Amino acid sequence: MARSSKAPDFEQALTELETLTERLERGDLPLDEALKLFERGVALTRHCQRSLQAAQQKVEILLKRGGEPQAQAFEADEEGSAGNPDPQ
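Criteria and thresholds
- Residues numbered from 1 in each chain as written.
- Predicted model: local features only at pLDDT ≥ 70, side-chain atom pairs only at ≥ 80, totals over all residues.
- Heavy atoms only, no water.
- Axes fitted to C-alpha atoms, helices over the stretch in contact; angles between N-to-C directions.
- Helix = DSSP H or I, 4+ residues; strand = E, 2+ residues; numbered from the N terminus.
- Parallel < 35°, antiparallel > 145°, perpendicular 65-115°, else oblique.
- Left-handed = near helix turned anticlockwise from the far one by under 90°.
- Contact = heavy atoms within 4.5 Å.
- Nonpolar A, V, L, I, M, F, W, Y, C, P; charged D, E, K, R; others polar.
- Expected span 1.5 Å × (residues − 1).
- Buried < 20%, exposed > 50% of the residue type's maximum accessible area, 1.4 Å probe, protein only.

A. Molecular detail of the packing of helix α1 (residues 10-26) against helix α2 (residues 31-64). Axis separation between α1 and α2 bottoms out at 9 Å; the angle between their running directions is 150 degrees. Relative to α2, the element α1 lies roughly antiparallel. Read as a crossing pair, α1 and α2 show a hand that is left-handed. From α1, Phe10, Ala13, Leu14, Glu16, Leu17, Leu20, Arg23 and Leu24 reach across to α2, where they touch Glu33, Ala34, Leu37, Phe38, Arg40, Gly41, Leu44, Thr45, His47, Cys48, Ser51 and Leu52. Looking at the contact of α1 with α2, its residues break down into twelve nonpolar, four polar and four charged.

Structure representation (structure tokens):
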């Protein structure tokens, strides 16, 4: 599995996660390979969750402003994704 230094976009990560899940669900992998795929799956899941949280924050900002786009500072954490505001 070739990995570039650039993080995959949401759709690529989700597609790879679905493929990994199918392979793991077959149950025919050696333990070491299954653990490596599981670890990759966890990383992809976290990436997707951060992407979804960032998108949700952007939507909430637009809705709070009545749907009118306005310039606003959008701070990202060190991984380039939005931080989690107030948990509800």
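What follows continues from the structure just given.
B. View of α2. Helix length check: α2, at 34 residues, gives a terminal C-alpha distance of 49 Å against a target of 50 Å (1.5 Å per residue), a fit within 8%. Among all positions in α2, only Ala34, Leu37, Arg40, Gly41, Leu44, His47, Cys48, Ala54 and Gln57 are buried. Taken together, the buried residues of α2 touch α1. Positive phi shows up at Gly66, right after α2, with a value of about 70 degrees.

The values are spatial; any link to function lies outside them.
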